[in-house]
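Fold and contact review
The lines below spell out each chain.
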Amino acid sequence: MALSMRVQPTDESGSGSRVDYRWDRDTDILSAQVRRMAVVSDGGTGAMEIEGRDGSWLVLDVESGTIRGVEIAVWPRVLRRRSLTPPDSVCDARVQIGGDANGDVLALEMNTFVHAESDEHETTLHFRLGRRRPSRTVRIASEILLDIDDTERLAGVWLLRVPPFPEDES
């Protein structure tokens, strides 16, 4: 199953929508929540769960058809690279999830291959969903980018400027 998107390039900079990161020390869950974002539509609200075949979980929090946050609930094996940078060509866009839900509650689970990679300091994370395919990258918030393939389906998620996992207080 694929997650379809409607992408509308915009002059409004996604870089204005700041992201708050939060680590849960007990569960290693990373949450990235968008502070402010204009409502795009009257689309549905809920959670889109992407389950990797390796047991990993990414959850997209959706409000009025718009992604408001990303949560990595169970980590896939992360390939650490010396450096990892998003594509140079990134445009700001409004992205609407799915079809014409009119304020309905959304609940979707999707099973696919999840490939995770990071830079050596784990401040840049990239999750590729499904097989590698041509895509373009759009910015929906200052630190959240999405890879969208040629058929308007989600192909990947980028988290930028991720803070380090909190040190143990022992």
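Structure: above.
Read on for a plain summary of the structure. These numbers were taken from a predicted model, which means no experiment stands behind them.

Glancing now at the sheet that holds strand β10 (residues 114–118). Across the sheet, which stays open at both edges, the eight strands sit in the order β1-β8-β12-β13-β14-β11-β10-β7 with mixed pairing between neighbours. Edge positions in the open sheet fall to β1 (5–9) and β7 (78–80), since each of these has one partner strand only. Across the sheet, the mean angle separating the axes of adjacent strands is 30 degrees when strand polarity is ignored. Relative to strand β14 (residues 154–159), strand β11 (residues 125–129) is paired through four bridges, and the arrangement is antiparallel.

Using the criterion set out here, one finds eight salt bridges in the structure. In this structure, the salt-bridge partner of R139 is D92, at a minimum N-O distance of 3.4 Å. With R139 in strand β12 (residues 135–141) and D92 in strand β8 (residues 90–97), the pair connects residues that are 47 residues apart, well separated along the chain. The closest approach of N and O atoms between E152 and R136, which form a salt bridge, is 3.0 Å. Here R136 lies in strand β12 and E152 lies in the loop between β13 (144–149) and β14, a separation of 16 residues in the sequence. Owing to a relative accessible area of 34%, R136 belongs among the partly exposed residues under this scheme. Salt bridges linked by common partners bring R18, E143 and R161 together as one network.

This next bit is on the nonpolar core. I144, L146, L154 and L159 are the most contacted members of the largest nonpolar core, which has 35 residues in total. Contact partners of I144, with chain neighbours within four places excluded, come to V19, A32, V34, V70, V138, R139, W158 and L159.

A word on the packing of aromatic side chains. With the rule as written, the count across this model stands at three aromatic pairs. Centre to centre, the rings of W23 and W75 are 5.8 Å apart; their planes meet at 15 degrees, and the pair counts as stacked. Of this pair, W23 sits in strand β2 (residues 19–24) while W75 sits in the loop between β6 (66–74) and β7, and the two are 52 residues apart along the sequence. The class for W23 is buried, based on a relative accessible area of 18%.

What follows covers the pairing of β8. Pairing geometry for β1 and β8, over five bridges, is antiparallel. By the bridge assignment for β8, R6 is matched with Q96. Inspection of the sheet shows β8 paired to β12 by three bridges, in the parallel sense. By the bridge assignment for β12, C91 is matched with V138.

Parameters and conventions
- Residue indices follow the written sequence of each chain, beginning from 1 at its first position.
- Where totals are concerned, whole chains, interfaces and linings use all residues; where local detail is concerned, this predicted model gives features only for residues with pLDDT of at least 70, and gives and counts side-chain atom pairs only at 80 or more.
- Based on all heavy atoms of the structure, the side-chain values leave hydrogens and waters out of the count.
- A pair of strands is labelled paired if DSSP reports no fewer than 2 bridges between them.
- Per the convention used, a helix needs a DSSP run of H or I reaching at least four residues, while a strand needs a run of E reaching at least two, with both numbered from the N terminus.
- Axis definition: a line fit to C-alpha positions, over the contact stretch in the case of helices; interaxial angles, taken between N-to-C directions, run 0 to 180 degrees.
- Salt bridge, as used here, is a side-chain nitrogen of Lys or Arg placed within 4 Å of a carboxyl oxygen of Asp or Glu.
- Working definition: with a 1.4 Å probe on protein chains only, accessible area under 20% of the residue-type maximum means buried, over 50% means exposed, and in between means partly exposed.
- Put simply, a nonpolar core is a bunch of buried Ala, Val, Leu, Ile, Met, Phe, Trp, Tyr and Cys residues held in one set by side-chain atoms that sit within 4.5 Å of each other.
- Contacts are assigned to residue pairs that have any heavy atoms within 4.5 Å of one another.
- Ring geometry is summarised as follows: Phe, Tyr and Trp rings, the Trp one being its six-membered ring, pair when their centres sit within 6.5 Å, and such pairs are stacked at plane angles under 30 degrees, edge-to-face over 60 and tilted between the two.

Taken by themselves, the reported measurements are silent on function.
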